[in-house]
Amino acid sequence: MSRLQRFLLVAFIESFACILVERGIYFFGTYRLGFSAVANLWLAVVFGFAYVVGAFGSHPLCTRWAEKRVLVLAIVAQVAFHALLAVSPTRTIVFVASTIIGYLNGAKWPVIESYISAGQTPAATARAVGAFNVAWAIAVPPSLVVVGPLIQLNASCLFVLAALGNLVTLWLVRPADRRPIHLPHDHPDRPAPEILNRLRRLLGFSRWIMFFSYAGLFAMAALMPTIFENDFRLSASVATPLSSVVDFMRLTAFVVLGATARWHMRWWPMIVATAALPVGFFLVAGGFGIAGVVVGEIVFGLAAGMIYYAALYYAMVVQNASVDAGGAHEGLIGLGFAVGPLACLMGIYLTRHFGAGSLFAIGAGMLPLFVLCTVGGVLRARQFTGAQTPLV
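All figures in this text were calculated on a predicted structure; none of them were measured in a lab. (Residues numbered from 1 in each chain as written. Predicted model: local features only at pLDDT ≥ 70, side-chain atom pairs only at ≥ 80, totals over all residues. Heavy atoms only, no water.)

A. Quick peek at the packing of helix H2 (residues 24-32) against helix H7 (residues 140-153). Interhelical geometry of H2 versus H7 gives an angle of 40 degrees and a closest axis separation of 10 Å. By the angle between their directions, the pair H2 and H7 is classed as oblique. For the crossing formed where H2 meets H7, the hand is right-handed. Residues Gly24, Phe27, Phe28, Tyr31 and Arg32 of H2 touch H7, and the partners they reach there are Val147, Ile151, Gln152 and Leu153. Grouping the constituent residues of the contact of H2 with H7 by class yields 6 nonpolar, 2 polar and 1 charged. (Axes fitted to C-alpha atoms, helices over the stretch in contact; angles between N-to-C directions. Helix = DSSP H or I, 4+ residues; strand = E, 2+ residues; numbered from the N terminus. Parallel < 35°, antiparallel > 145°, perpendicular 65-115°, else oblique. Left-handed = near helix turned anticlockwise from the far one by under 90°. Contact = heavy atoms within 4.5 Å. Nonpolar A, V, L, I, M, F, W, Y, C, P; charged D, E, K, R; others polar.)

B. Here's a closer look at the pattern of salt bridges. All told, the structure shown has 4 salt bridges when counted by the stated rule. We note a salt bridge from Asp247 to Arg23, for which the minimum N-O separation is 2.8 Å. A residue pair is termed long-range when its members are at least 10 positions apart, and Asp247 in helix H11 (residues 245-258) and Arg23 in the loop between helix H1 (3-22) and H2 qualify at 224 residues. In this pair, the class of Asp247 matches that of Arg23, namely buried. In this structure, the salt-bridge partner of Glu67 is Arg179, at a minimum N-O distance of 3.2 Å. Of this pair, Glu67 sits in helix H4 (residues 67-87) while Arg179 sits in the loop between helix H8 (157-172) and helix H9 (193-231), and the two are 112 residues apart along the sequence. Residue Arg179 is classed as partly exposed on the basis of its relative accessible area, which comes to 32%. Each member of the salt-bridge network shares a partner with another, and the members are Arg23, Asp247 and Arg250. (Salt bridge = Lys/Arg side-chain N within 4 Å of Asp/Glu carboxyl O. Buried < 20%, exposed > 50% of the residue type's maximum accessible area, 1.4 Å probe, protein only.)

Shape descriptors only; they carry no functional weight alone.
This is the structure in structure tokens:
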């Protein structure tokens, strides 16, 4: 088994285990512990900020200890905290363990991304990133599908299965090099300076919009359990597969984008995706019937897939597949995890004084965030504007 194949399998298993807790915890909180939407949003906020700390700290840790040791320690610690949740899934333990697991996930994923892409030419990086995206994304829908039945079967099953997945990946990473070998910076296959200039602009814009996409995704993840239970009276076993539609569509985007290079270095796909994100989000959050929620998930999932793929591909090419590149990528994802639910909470608290509905409350938090991210993306892209690289 090649290094790439081994780490694609690691990405699949770790994604499956990760989603069981990262996304399943909101359904567990709602259906087992009686969490409200506000409680789930706070759970998402603390998870997200912990993820940011782990992601931005991943590169310094790898510089000191080497990538393999950081990865192994993160997975071992996840086994321990998944086991703690299985033994004692109380409200307090859920908040504490979820926060620490957020930190460990943030530290782990940049290392996996570096092993996936290190030593590759830009063309090979595109293929490797495409395979990686499919590997982790294809695990998300089935993971969410089993969340509901596991929650209904036994309070501990969710966390036991996650721990077992971690143990399998520990065995898989045993032969990995202590440090992944990167392409030399003066390698002839590295992009020319004028190409790197355009890639930096695309990377700057895509990262800002990816930040909003994850803010929206995690706000949706925290809100959907109460939407499905309170608005539509659906059981957990029905609600969790419905919540995975967004992930099926994100996977679809990854497969399509991985099959062609036509979108590389082009602005229009990201502009279309940027416009689609708020449309999809508000269809889900607005409670426009089950059909409205599903259509919203389809629109949001396709757009989020486009933005994620672009941001990771451009980061790995510009920054030569370093852990630092993955750390910044995952750090923005974690920041989105936290800021999206926090924006919703702010909107809810602000509009309670005016008697506004829930959709208005969520919009009061999320629309300013979308505007901020779009403006930030445009300004970041313009920092690298050159005479030979027009904006569109």
